[in-house]
Amino acid sequence: MARDATRRAVVTGIGAITAAGPGTADLEAALHGSTHCFRDVDLFSTEGLRVRIAGQVERIPTSSLFGSAAARRASRSDRLAMFAVEQALRGSGIDPGELDRRRIGTSIGTSTGGMLETEAYYETRRSPAPAGRWRPRLLAATVGATTDVVAASIGAFGPRVAPSTACSSSAISIAMGLGWIRSGRADVVVAGGTDALCRMTYSGFHALQAMAPEPCRPFDRDRAGLTLGEGAAALVLEDEEHARARGASVLAFVRGAGLSCDATHPTAPHEDGRGARQALEGALADAGLGPDAIDYVNAHGTGTPQNDACEARALHAVFGDRAAEPPVSSTKGLLGHTLGAAGAIEAVATILALRGGFVPPTVGLENPDPECALDLVRGPARALRLERAASNSYGFGGNNCSLVLERA
Amino acid sequence: MTDPIVVTGLGFVSPLGTGAEEVWNHWSRGSSGVRHLGNGDPRLARGVDPISLPPVGKAGFVRGFDPKQHVRSPHLRRMDWCSRMIVASATQAVADARLDLNDEETQIRTGLVVGSCFGNQRETQRYMDRVFDRGPAAGQPILFPNLVLNASGGYAAIELSLRGPNVSVSEHEASGEVAIATALDLLDGGLCDRVVAAGGDEFGAVYLGALRERRLLAPETAPDRARDDARRGRLIPGEGAAALVLERASDARARGHAAYAVVSRVGLGSIECSPYLAPEPERAAREMVERIAQAPSRPISAVFGGANGTVPRDALDRAFLASLGAHQGAPPGYLRFDDLVGDWPSRGVLIAALAVLALRNRHAPGIERSTIERVVVPGSGRSGILVPVVLDMLA
C-alpha cells in the first residue's frame, strides 16, 4: 500500500515515565529546570565499577490496562511501557473498543527488552536450584515481547512491529507508525519505546569506557561520556481526518522521518557525521521542508566526545551558514541515555517544548565545546515560540533516525 | 498493483546448504539438513561455539559454511556466529541480484531489514557468565557491541556499504515474515528503492535448555521424517539465515535484471490472544485466508507451512489448509520444513526464499503438481501475530 498524499499523521496522545517521575507533567517540569535526575543504581550490584549512577525510575505505577497474566509475567520494560501507553491513550481520548481494532497498529522499540529478567533467569539457572519458577519470565525476555504485551492489553489487532536498533529503536518505531498512517494500513498507531536498566548494558558501557564517572555533560568541552537511564514513552499517532472526525485534540504533527546507516563501524559514528546528516536531510525531504523551517533541534547528544562532535558536524552540514541559529539541546543530561526508549522520550520532550513554547536546556552543560559551535542551550529553559523541531537518534550499528515534528 | 515488488536476489546459510544452488540441489534430491547434534560435532571442536550446548538430539545444524568465503570485512574476526550467517546470506543475495553498491546513490537508496528473535545468544551467555563470575567490572568491551539485536544489521551494512534505512525487528516465531513486511513498508513509504530482507537465529544454550526443560525437544529416537504423532508435540531445533533482495519490478527491469518472483501480498496483523501463547488455530486460519483473499484471485498452488512439531503450530497449518481449501474450492499442495532444516524463530525468510526457488523452477520438491504458480507462507507467532506472505511466479 503506497503512501497516500492526503493522509497526515498527527499526535493525539503522549505518555512518558522517566527518572523525572511517572507522567509527562513530571517530565515537563524537569525539562524547565537545570537539575539532573540521577541517583545511585540499586536494581543490581555496581560493585567494583567506577560509575554507580543512572537515571533510574524510582516508582512504576501499575497500569490498569494489564491483564492478570501479563501483569504477572511482565518485565520491567513492559511495565514502563504500559504506564506510558496508558497515559498516552487516556490523553488521546481513544477507547480501542470503540474503534476497528484491525486499524490500530502497535510499534514499540527497545534495545534489550526483558534482559533484566533474563539475567535473573540465567543467574538462577546457573545455580543448582531448579529454574522452573522463572520460566514465565523468560517468555517476556525477547525484544518483541513488549509490543505484544501492549497490543494484547489494549486490543490492537492491526500491524505490529518491534524495532530493535539499539539507541534509535523507538525513533524508528515512530517512523514505522508514520508509514502505516500514511499508507492507510492503520488509522491509529501506538508507537513508542522502552528500556529498563540491566546488568548487561551497565557493565557493557562501562567496559567500553563510554560512561562518565560524574553526571554526563553533553556538548561540554569537558564531557567525559554518557550516563545511562531507563524509561518509556508512547505517542498515539492518528490519521488527521480520523482524529478530527472524533473531535480529538491534536498535539502535534509528525511531518517526516529519515532513516540511514553509517555503514562504517559497529559502534563509532562516521567521522564526518554523514549518516546523521543523511537521516536529518531525509526527514526534511520527507516532510517537504528545508532546514530553514527548523526552530529547534533535540539532539541525540549522548555526552561522549566522539558522538557529540560528529552530530555537531552533521548539523553544520545540514544547516550550513545557519548552523548557529536553531537552538540545540540534549535531554540526556537530565534523564540519562535511555537507549531504546530515548527516541520516543525525546520525541515527547520535543512535543512538550513545541506546545509549551520553550527550549529545554542541556543539563550539565557549562562550557560549550567550541568544536561544536552551535546555539547550545544551557539552563534554565529558554522561552521561545517554536513551530517545528527535529529530533535525532543514533544507535550502535550506525542505525540513525531523525524525526521532524510540528506544533499543532 | 501497478509496479509490483519482486524478488531479485537470494542468499542462504542453512542446514540444507549455503547458497541458492546448493540448497536447491539438496532439496531436490530429498536430502535433509537435520542430523544428530552432539558435543563431538566438528564445529564445536573448532571452537566456533564458545558455550557447550545441552544434549538436544536431532537438530538442523549449519555445517560446511565457511564465513571467509562470503565476508571480506576485517570485522569478520569479531563477528558472532549469528551475524556471520546473516551477513553471508545478505552478501549472497546482493551478489545474486547483481546490485552495484560501489555507486553512492545506490548505497544510500538500499535498505536492510533483519528479523531475529534472539540475535547473538552464545556471546550474550558468555558475557553474562563473566559478569556473574567476576562481577560487573568484568564486562568485555570486544563482546558488548555484538550483544544488541541489530549487530548483524550493522555488520551487513559495513560489509556491503548499505547506507539506506537499516532496521532490525523481532516478533517471536514470526520474526522472519515481519522482516519481509517491514521491508515492504520501507519500499511503500519511498524511504528506499531496494531492500535486503534477511532473517536469522542461532542455537543458544539458554533457549535450548528452556525448550528441554519444557519437554519441547523431539526425542533422539524419533525417525528422520517423523510427523506430529511420532514426535508427540515436540520440535527439532534449527539455526540458519536467509536473505531476499526486494525491489520494484520497474527498477529491476530498468537495470536489466530478471526477477525470480513477485511478492503479491503481505498481510501483517493479529488476532486476540495472550501475549505469551500461540493463537487459536481456527480463528488464526480464517483471518489469514481473509487477508490473502484481498490479493488478486489466482488460487494458491502451495502452502509452505510453518509447522514445527508443537501442537498449536501444527494445528494452525492444518486449519489453514482446510480453510484455504474451502475458500478456493481446491486443496493446495503443502510442505513443512522442520524435518528438512529444523525450526528457528526467524525461519520465515528461509521458507519464503525456498518458495521463490520453487516459483523460479516451477516446481517444489515434495509436491506432486505440474506447476507451482502461487505460494503462501502463513507466518504466525505467539501473541496472535499473523503474517501471511503471498509469492507469485512471474507473469
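As the structure is a computational prediction, the values presented were derived from the model and not from experiment.

Definitions and limits used
- Residues numbered from 1 in each chain as written.
- Chains lettered and ligands numbered in written order.
- Predicted model: local features only at pLDDT ≥ 70, side-chain atom pairs only at ≥ 80, totals over all residues.
- Heavy atoms only, no water.
- Helix = DSSP H or I, 4+ residues; strand = E, 2+ residues; numbered from the N terminus.
- Buried < 20%, exposed > 50% of the residue type's maximum accessible area, 1.4 Å probe, protein only.
- Contact = heavy atoms within 4.5 Å.
- Areas by Shrake-Rupley, 256 points an atom, 1.4 Å probe, with all protein chains shown as cover.
- Pairing = 2+ DSSP bridges.
- Domains from an automatic or database assignment.
- Salt bridge = Lys/Arg side-chain N within 4 Å of Asp/Glu carboxyl O.
- Polar contact = N/O pair within 3.5 Å; in protein donor to acceptor, adjacent residues only side chain to side chain.
- Nonpolar A, V, L, I, M, F, W, Y, C, P; charged D, E, K, R; others polar.
- Buried area = accessible area lost by both parts, 1.4 Å probe.

K.L.:
What is the right way to look at the overall build of chain B in this model?
P.N.:
Counting secondary structure elements, chain B contains 14 helices and 14 strands. Counting every position in chain B, which comprises 395 residues, the buried fraction comes to 69%. Partitioning the contacts of chain B with sequence separation of at least 6, the portion at a separation of at least 24 is 78%. Total accessible area on chain B stands at roughly 13,100 Å², and carbon and sulfur atoms take up 48% of it.

K.L.:
How do you make sense of the pairing of strand E15 (residues 388-395) of chain A when you look at a structure like this?
P.N.:
Taken residue by residue, a regular strand's side chains alternate between the two faces of the sheet. Residue and element names in this part refer to chain A. Within E15, seven of the eight residues are buried, which leaves it mostly tucked inside the rest of the structure. As paired strands, E15 and strand E16 (residues 399-407) are joined by eight bridges and run antiparallel to one another. Opposite serine 391, over in E16, you have leucine 403 as the bridge partner. In textbook terms, the turn of a hairpin is the stretch between consecutive antiparallel strands, and for E15 and E16 this stretch comprises three residues, one of which, glycine 397, has a positive phi near 85°.

K.L.:
Help me understand the domain arrangement of chain B, please; the structure alone is not making it clear to me.
P.N.:
A common way to state how big an interface is: give the accessible area lost once the parts meet. Residues and elements named next belong to chain B. By the assigned domains, chain B splits into domain 1 (5-262) and domain 2 (264-393). Contacts between the two partners involve 58 residues from domain 1 and, on the opposite side, 49 residues from domain 2. Counting the contacts that link domain 1 with domain 2 gives two salt bridges. A salt bridge links glutamate 21 to arginine 360; its shortest N-O distance comes to 3.3 Å. Our enumeration of links across domain 1 and domain 2 arrives at 12 residue pairs in polar contact (both at pLDDT 80 or more). Taken together, the elements giving at least two residues each to the side of domain 1 that touches domain 2 come down to strand E1 (5-14), helix H1 (20-28), helix H7 (175-188), strand E7 (194-201), helix H9 (228-231), strand E8 (240-248) and strand E9 (261-266). Of the residues assigned to the side of domain 1 that touches domain 2, the class counts are 30 nonpolar, 16 polar and 12 charged.

K.L.:
How should the interface of chain B and chain A be read in this particular structure?
P.N.:
At the junction of the two partners, chain B supplies 67 residues and chain A supplies 73 residues. Buried surface at the junction of chain B and chain A, both sides included, amounts to about 5,700 Å², of which 59% is carbon and sulfur. Where chain B touches chain A, the interface holds three salt bridges. Between Glu287(B) and Arg102(A) there is a salt bridge, with its nearest N and O atoms 2.5 Å apart. Counting across the interface, chain B meets chain A through 22 residue pairs in polar contact (both at pLDDT 80 or more).

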